[in-house]
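# A closer look at the structure
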Amino acid sequence: MEWKNRLTSLLGIEYPFIQAPMLGITTPAMVAAMSNSGGLGSLPVGGLPPERVAALIAEVKALTSRPFAVNLFTYDIPAVDQPEQFEQMQQFLQQLYKANGLAVPAVAFDAVKTYSYREQLPALLAANVSLVSFTFGIPDESSIALLKEKGCLLLGTATSVEEAVALEKAGCDAVVAQGIEAGGHRGSFLPGPLPQVGTVALVPQIADRITLPVIAAGGIADGRSAAAAFCLGASGVQCGSVLLRSPESAATPHHKDKVAAVTDTGTRITRAFSGRWARGIENALMDGIDASGLPLNVYPVQDALTQAVRKVAKELDDPAFIVMYAGQAAQMAKALPAAEIMEALRMAAEKILTRGPQIPQGA
Ligand SMILES: Cc1cc2nc3c(=O)[nH]c(=O)nc-3n(C[C@H](O)[C@H](O)[C@H](O)COP(=O)(O)O)c2cc1C
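The text that follows walks through the structure, step by step, so that each part is easy to find. Model, not experiment: these values are computed from the prediction.

## Thoughts on the overall build of the protein chain
Helix and strand counts for the protein chain stand at 13 helices and 11 strands. In terms of overall size, the protein chain behaves like a compact globule, its C-alpha atoms giving a radius of gyration of 20 Å where 363 residues would be expected to give roughly 21 Å. With the principal axes as the frame, the protein chain shows a C-alpha extent of 60 × 50 × 40 Å. For the protein chain, buried positions account for 56% of its 363 residues. Considering only contacts in the protein chain between residues 6 or more positions apart, those separated by 24 or more positions represent 67%. In the protein chain, 28 positive and 33 negative side-chain charges are present, and the distance between their average locations comes to 4 Å.

In structure tokens, the structure reads:
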């Protein structure tokens, strides 16, 4: 089957299959595996120090000469100015850790530090990155102008039709339509209630409203959901959770076991981990914070607070206190190499899309 379409031509890839950027999970090996197999790998660098960004880009470049995207968090970092709320949450967390036998260093309020996409841009420009995807908002006008001047293509994330329209207006080249099924943070950025539209409803409505290629994300875990996305009007698909158990994933062994065992109802969206809405597998950390009733700090302050235990839990491989972002279809992830997973998904979608008009018989 001919997979070439306007998205593959735009991005310079063979197949319109994109590995979702997954901060904390995606390794340079995963990005390269995906790009080398003809799809598009995505390197997440949201909030990382510029020198780390440069090093990660160099690592990917050493493994592939094919196109890959670098993924940014494009939001304005809010003022970090609520020390009392921070300390209240810190005290609660320390009690929770002690009750669970964990020794976790306290986080200093003054030490909360994240890097804005503006600070990271020079590293991307110096490395001649040609594809930039982003979430949490739209880069400011001067950053967009800078990237465009260098010939960079921009892929923005939308969780509603209104956000997709805003991304098109700002000059994006393609839009990732992220349904509520998706694992990880919601990319939502417009004021108002959190958009909670499912992929099946979101993709066709966005495809009808904008002229840019639409990339479907959220719940795409096998050939059936991938084929469905193309039928809904998507020009490409972006998959994250389905790669969580791959050897290229940085998830710990017990974390991978939790993904294998999670049910369709075993994830929920919460602000507990980071201060921003995100979907993850329920565990003691999520339940504890959600049940505390305490006011949550804004992103990235809440995120910085929970980073301390996440680091300890990762070393101990204790999934009760690891942040396990995952989508509603995460249980369909297989413990296979990333490129094999995506190839099987593509071949299965191809079979469905080429078998011609017939009444589907189901599984
Ligand atoms: C563990 C994890 C981390 C994620 N981190 C990012 C990120 O850094 N940047 C981003 O744009 N999206 C991130 N996402 C969201 C994905 O880009 C994508 O929308 C989502 O994985 C698609 O849904 P699925 O998980 O059902 O495949 C993350 C998702 C997961 C599961």
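That was the structure; now back to the text.
## Considerations on the sheet that holds strand β3 (residues 68-73)
Taking strand neighbours across the sheet as the criterion, the 8 strands line up as β1-β9-β8-β6-β5-β4-β3-β2 in an open arrangement whose pairing is parallel. Of all the strands in the sheet, the pair left with one neighbour each is β1 (17-19) and β2 (41-44). Averaged over neighbouring strand pairs, the angle between their axes works out to 25 degrees when direction is ignored. Note that strand β8 (residues 214-217) and strand β9 (residues 236-239) share 3 bridges and pair parallel. Looking across to β9, one finds that I215 is bridged to G236. Against the sheet, helix α5 (residues 117-126) makes contact with β3 and β4 (131-135), and its axis sits at roughly 160 degrees relative to β3, the strand it touches most. Contacts between helix α7 (residues 161-170) and the sheet are confined to β4, β5 (153-158) and β6 (174-178), with β5 contributing the most and set at about 160 degrees to the helix.

## Here's the deal with the site of the ligand
Taken together, 21 residues form the shell around the ligand, and within it P21, N71, G219, G240 and S241 come nearest. Within the backbone of G183, a nitrogen or oxygen atom sits 3.2 Å from an oxygen atom of the ligand. Note that an oxygen atom of the ligand is positioned 2.6 Å from one of the side-chain N or O atoms of S241. Its free accessible area being 590 Å², the ligand has 96% of it covered by the protein chains. Going through the elements one at a time, β3 and β9 are the ones with two or more residues in the shell around the ligand. Here the shell around the ligand is built from residues that sort into 11 nonpolar, 10 polar and no charged.

## What to know about helix α6 (residues 141-149)
For α6, every residue scored as buried is listed here: S143, I144 and L147. Angular distribution of buried residues about the axis of α6 spans 100 degrees; they occupy a single face of the element. Exposed and facing more than 90 degrees away from the buried side of α6 are E141, S142 and E149. Buried residues belonging to α6 abut α5, β4, β5 and α7.

## Regarding the side chain of D222
When you line up the elements, D222 lands in the loop between β8 and α9 (223-231). Of the residues examined, D222 reaches a relative accessible area of 16% and is grouped as buried. Here S225 takes part through its side chain, which lies 3.1 Å from a polar atom of the side chain of D222. Discounting chain neighbours no more than four positions away, the residues touching D222 are M332 and L345.

## A closer look at the packing of aromatic side chains
All chains considered together, the criterion is met by 11 aromatic pairs. Considering the side-chain rings of Y75 and Y299, the 5.5 Å spacing of their centres and the 65 degrees angle between planes classify their relative orientation as edge-to-face. Remark: Y299 occurs in the loop between α11 (284-292) and α12 (301-316) and Y75 occurs in the loop between β3 and α4 (83-99); sequence separation between them is 224 residues. Take Y299: its relative accessible area is 10%, and that puts it in the buried class. Ring centres of F273 and Y325 lie 5.9 Å apart, and the angle between their planes is 75 degrees; on these two criteria the pair is classed as edge-to-face. Of this pair, F273 sits in the loop between β10 (267-270) and β11 (278-281) while Y325 sits in the loop between α12 and α13 (338-354), and the two are 52 residues apart along the sequence.

## Things to note about empty space enclosed by the protein
Under the counting rule described, the total for this entry stands at 1 cavity of 30 Å³ or more. Here the largest cavity is characterised by a volume of approximately 30 Å³. In terms of lining, the largest cavity is formed by Q90, L93, Q94, Y97, P105, V107, L305 and A308. Those elements that provide at least two residues to the lining of the largest cavity are α4 and α12. Per-element accounting of the lining of the largest cavity gives the leading share, 4 residues, to α4. The residue makeup of the lining of the largest cavity, split by class, is 6 nonpolar, 2 polar and no charged.

## A short note on the packing of helix α2 (residues 28-36) against helix α3 (residues 50-63)
Packed helices, taken two at a time, are described by the angle their axes make and the gap between the axes. Here α2 crosses α3 at 40 degrees, and the two axes come no closer than 9 Å. One finds that α2 runs oblique with respect to α3. In the crossing of α2 with α3, the sense of the turn from one axis to the other is right-handed. The segment α2 lies against α3, with P28, A29, V31, A32 and N36 engaging L56, E59, V60 and L63. Here the contact of α2 with α3 is composed, by residue class, of 7 nonpolar, 1 polar and 1 charged.

How each quantity is defined
- Residues numbered from 1 in each chain as written.
- Predicted model: local features only at pLDDT ≥ 70, side-chain atom pairs only at ≥ 80, totals over all residues.
- Heavy atoms only, no water.
- Helix = DSSP H or I, 4+ residues; strand = E, 2+ residues; numbered from the N terminus.
- Rg over C-alpha atoms; globule rule 2.2 N^0.38 Å.
- Buried < 20%, exposed > 50% of the residue type's maximum accessible area, 1.4 Å probe, protein only.
- Contact = heavy atoms within 4.5 Å.
- Lys, Arg positive; Asp, Glu negative; His and termini not counted.
- Charge placed at Lys NZ, Arg CZ, Asp CG, Glu CD.
- Pairing = 2+ DSSP bridges.
- Axes fitted to C-alpha atoms, helices over the stretch in contact; angles between N-to-C directions.
- Near = heavy atom within 4 Å.
- Polar contact = N/O pair within 3.5 Å; in protein donor to acceptor, adjacent residues only side chain to side chain.
- Areas by Shrake-Rupley, 256 points an atom, 1.4 Å probe, with all protein chains shown as cover.
- Nonpolar A, V, L, I, M, F, W, Y, C, P; charged D, E, K, R; others polar.
- Arc of directions from axis to C-beta.
- Phe/Tyr/Trp six-rings, centres within 6.5 Å; stacked < 30°, edge-to-face > 60°.
- 1 Å grid on protein atoms, 1.4 Å probe; cavity = no way out; pocket = protein on both sides within 12 Å on 5 of 7 lines; lining within 4 Å.
- Points joined across faces, edges and corners; volume = space filled by probe spheres on them.
- Parallel < 35°, antiparallel > 145°, perpendicular 65-115°, else oblique.
- Left-handed = near helix turned anticlockwise from the far one by under 90°.

Bear in mind that shape data such as this cannot, by itself, settle questions of function.
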